[in-house]
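Listed below, chain by chain, are the residues.
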Amino acid sequence: MSNNNYKIGVAGAGVMGSGIAQVMAVSGCEVTCRDIDQDVLKEASKNVDSGRFGVKSAVERGKLTEEDASSALERIHFTTDLDALNEADLIIEAIPERFDLKVSFWKELDKTAAPRTIFASNSSGFPISALAAATERPDRFIGWHWASPAPVMKLAEIVKGKKTSKETVETVSALAESAGKNPIVVNDSDTSWGYVTNRIYFAMVREASTVLNEGIADRDQIDQLMTDCFRWPSGPFGMTRGATSGWK
Ligand SMILES: NC(=O)c1ccc[n+]([C@@H]2O[C@H](COP(=O)([O-])OP(=O)(O)OC[C@H]3O[C@@H](n4cnc5c(N)ncnc54)[C@H](O)[C@@H]3O)[C@@H](O)[C@H]2O)c1
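Note that the structure is a prediction, hence the values are computed from the model and not measured.

Novice: What exactly am I supposed to notice about the packing of aromatic side chains here?
Specialist: To describe a pair of aromatic rings, you give the distance between the ring centres and the angle between the ring planes. Enumeration according to the criterion identifies 9 aromatic pairs in this entry. Ring plane angle 75° and centroid distance 5.4 Å describe the contact between Phe99 and Phe126, whose orientation is recorded as edge-to-face. Taken together, the positions of Phe99 in helix α5 (residues 99-112) and Phe126 in the loop between β5 (118-121) and α6 (128-132) put the pair 27 residues apart, joining distant regions of the chain. Using a relative accessible area of 34% as the deciding quantity, one classes Phe99 as partly exposed.

Novice: Any chance you could explain the layout of surface pockets here in plain terms?
Specialist: If a probe the size of a water molecule is rolled over the atoms, the empty space left behind becomes visible. By volume, the second largest pocket is sized at about 400 Å³. Contributing to the lining of the second largest pocket are 17 residues, with Val26, Ala58, Lys63, Pro151 and Val152 lying nearest its centre. It is helix α1 (residues 15-26) that contributes the most residues to the lining of the second largest pocket, 3 residues altogether. Tallied by class, the residues present in the lining of the second largest pocket amount to 9 nonpolar, 4 polar and 4 charged.

Novice: Sorry, what's going on with the domain arrangement of the protein chain here?
Specialist: Interface size is often expressed as the accessible area that is lost when the parts come together. Here the protein chain is partitioned into domain 1 (7-187) and domain 2 (197-245). In this structure, domain 1 and domain 2 have C-alpha centres spaced 28 Å apart. Every contact between the two is made by 6 residues of domain 1 and, on the other side, 6 residues of domain 2. Interface of domain 1 and domain 2: buried area, both sides summed, is about 370 Å²; carbon and sulfur atoms make up 44% of it. The tally of links from domain 1 across to domain 2 stands at 0 salt bridges. Taken together, the residues of the side of domain 1 that touches domain 2 break down into 2 nonpolar, 3 polar and 1 charged.

Novice: Please explain the nonpolar core as it appears in this structure.
Specialist: For soluble globular proteins, the rule of thumb is that nonpolar side chains tend to be buried together. Judged by nonpolar contacts, the single largest core of 34 residues is most densely connected at Ile8, Met24, Leu90 and Trp144. Sorting elements by how many residues they give to this core places α1 first, with 6 residues. Ignoring sequence-local partners within four residues, the contact set of Trp144 consists of Met24, Leu90, Ile92, Ala120, Ser121, Asn122, Ala156, Glu157, Ile158, Val172, Leu175 and Ala176. Judged by nonpolar contacts, the second largest core, of 20 residues, contains Ala88, Ile91, Val103 and Phe105.

Novice: Sorry, what's going on with the packing of helix α9 (residues 219-230) against helix α10 (residues 236-245) here?
Specialist: Interhelical geometry of α9 versus α10 gives an angle of 100° and a closest axis separation of 7 Å. The orientation of α9 with respect to α10, classified from their angle, is roughly perpendicular. Listed contacts from α10 to Arg219, Ile222, Asp223 and Met226 of α9 are Pro236, Phe237, Gly238 and Arg241. Here the residues of the contact of α9 with α10 sort into 4 nonpolar, 1 polar and 3 charged.

Novice: Can you walk me through the pattern of salt bridges in this structure?
Specialist: Working definition: two side chains of opposite charge can pair if their charged atoms are close together. Summed over the entire model, instances satisfying the criterion amount to 13 salt bridges. Across the pair Lys56 and Asp49 runs a salt bridge, and its minimum N-O distance is 2.8 Å. Note that Asp89 is salt-bridged to Arg116, the shortest N-O span being 3.0 Å. Linking Asp89 in the loop between β3 (76-79) and β4 (90-93) with Arg116 in the loop between α5 and β5, this pair joins segments that are 27 residues apart in sequence. A residue is classified by how much of its surface remains accessible, and Asp89, at 16% relative accessible area, is buried. What you see here is one network of salt bridges that share partners, running through Glu87, Asp89 and Arg116.

Novice: What's the story with the site of the ligand in this structure? I'm lost.
Specialist: Near the ligand lie 21 residues; those nearest to it are Met16, Asp35, Glu97, Lys102 and Ser124. In the model, an oxygen atom of the ligand is placed 2.7 Å from a nitrogen or oxygen of the Asp35 side chain. The side chain of Asn122 places a nitrogen or oxygen atom 3.0 Å from an oxygen atom of the ligand. Where the shell around the ligand is concerned, the elements lending two or more residues are α1 and α5. Considered class by class, the residues forming the shell around the ligand number 10 nonpolar, 7 polar and 4 charged.

Calculation rules
- Residues numbered from 1 in each chain as written.
- Predicted model: local features only at pLDDT ≥ 70, side-chain atom pairs only at ≥ 80, totals over all residues.
- Heavy atoms only, no water.
- Phe/Tyr/Trp six-rings, centres within 6.5 Å; stacked < 30°, edge-to-face > 60°.
- Helix = DSSP H or I, 4+ residues; strand = E, 2+ residues; numbered from the N terminus.
- Buried < 20%, exposed > 50% of the residue type's maximum accessible area, 1.4 Å probe, protein only.
- 1 Å grid on protein atoms, 1.4 Å probe; cavity = no way out; pocket = protein on both sides within 12 Å on 5 of 7 lines; lining within 4 Å.
- Points joined across faces, edges and corners; volume = space filled by probe spheres on them.
- Nonpolar A, V, L, I, M, F, W, Y, C, P; charged D, E, K, R; others polar.
- Domains from an automatic or database assignment.
- Contact = heavy atoms within 4.5 Å.
- Buried area = accessible area lost by both parts, 1.4 Å probe.
- Salt bridge = Lys/Arg side-chain N within 4 Å of Asp/Glu carboxyl O.
- Core = buried A, V, L, I, M, F, W, Y, C linked by side-chain atoms within 4.5 Å.
- Axes fitted to C-alpha atoms, helices over the stretch in contact; angles between N-to-C directions.
- Parallel < 35°, antiparallel > 145°, perpendicular 65-115°, else oblique.
- Near = heavy atom within 4 Å.
- Polar contact = N/O pair within 3.5 Å; in protein donor to acceptor, adjacent residues only side chain to side chain.

Okay, here's the thing in structure tokens:
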């Protein structure tokens, strides 16, 4: 698939949304990134340009040419206007992890977005079929779970809801692959939060917290032990700090 002229809408320009917008623009898509907060948009624009994982840093590391970096920046439009998302081919939602917020966001957008538009949620774990049920397009609704920092991490946990069509799965997987990610398609669960990655990660965090509360080791010791033992880049507590701050 050529991403040229493919229109992506990103909802939320925080830790995840700004990185997602950058990745999709670098891959050749036209990106409209919408947040409700003008200050967040300013910060996002700065991060995409010259943040730790922004395009300038990618140029310095030899990952991107200067020309590709500047055309990627030209392809991203930051806005507070919800209607600016209506003509996207695909909208990726990265608003806060609150079920009620996500449901009302998708319900509203479903009324105005073009009928062909695919909806993808970057939820960390809410059942995709439950979010899709807020819309009249459950066949064009999917989970696309990214990891932080989005420009660096390969994760594309593609979550297939009960009614997600084969075509939607194929389109989104192809798009993820062309953006340099490694799409793995998994099934949704009605009863559990976290798909595959976060169910397993939080099981580990629960156990690490039990070890901490029993006074066996402190946070830093636990992180160091897990790093030394398994060659993880970070232990359970450091991982949580990094994910919530965008690894700044
Ligand atoms: N931080 C991570 O490591 C990580 C990793 C994977 C997935 N996620 C998921 O991604 C989503 C976003 O997380 P984040 O860490 O980027 O949060 P964040 O708080 O950094 O950003 C969320 C942004 O959404 C904006 N927002 C709120 N309502 C909105 C609306 N209706 N339309 C547009 N923007 C709106 C907020 O102003 C905020 O800037 C969550 O579902 C989270 O669970 C986070």
